[in-house]
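The lines below spell out each chain.
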Amino acid sequence: MTTPPTVTARYDEPRIEDSQLCGPRRATPGVTVELSFDLHDHAAALAALDRAAANVRAQIEETR
């Protein structure tokens, strides 16, 4: 039995902090997403991504 190749999808958006002299500090959130899955197992990969996004959304909502 052969193991299918693993595919990795990755997205990275670094956090950026910006401030002006005598002005407020602003920061954009940082985002890192990485998902590894077996080649052609798109349904499971998308389901895992949906679960992860829902979990992160719930954590963000807890901070309101």
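Everything below is about the structure shown above.
Participant: How would you summarise the overall build of the protein chain if you had to cite specific residues and measurements?
Facilitator: A tally of regular secondary structure across the protein chain gives 1 helix and 4 strands. The N-to-C order of helical and strand elements in the protein chain reads β-β-β-β-α. The C-alpha atoms of the protein chain give 18 Å as radius of gyration, which overshoots the globular expectation for 64 residues (11 Å, by more than 25%). For the protein chain, the C-alpha atoms occupy an extent of roughly 65 × 25 × 10 Å along the three principal directions. The proportion of buried residues among the 64 residues of the protein chain is 5%. Summarising the internal contacts of the protein chain: among those between residues at least 6 apart in sequence, 37% fall at separations of at least 24. Taken as a whole, the protein chain presents about 5800 Å² of accessible surface, with 56% of it coming from carbon and sulfur. Seen as two clouds, the 7 positive and the 10 negative side-chain charges of the protein chain have centres 7 Å apart.

Participant: Describe the environment of Arg26, listing the residues and the values that go with them.
Facilitator: Position of Arg26 relative to the elements: it lies in strand E3 (residues 25-28). Take Arg26: its relative accessible area is 56%, and that puts it in the exposed class. Each C-alpha atom of the pair Arg26 and Ile16 lies 8.3 Å from the other, and the pair is 10 residues apart in sequence.

What counts, and at which threshold
- Residues numbered from 1 in each chain as written.
- Predicted model: local features only at pLDDT ≥ 70, side-chain atom pairs only at ≥ 80, totals over all residues.
- Heavy atoms only, no water.
- Helix = DSSP H or I, 4+ residues; strand = E, 2+ residues; numbered from the N terminus.
- Rg over C-alpha atoms; globule rule 2.2 N^0.38 Å.
- Buried < 20%, exposed > 50% of the residue type's maximum accessible area, 1.4 Å probe, protein only.
- Contact = heavy atoms within 4.5 Å.
- Areas by Shrake-Rupley, 256 points an atom, 1.4 Å probe, with all protein chains shown as cover.
- Lys, Arg positive; Asp, Glu negative; His and termini not counted.
- Charge placed at Lys NZ, Arg CZ, Asp CG, Glu CD.

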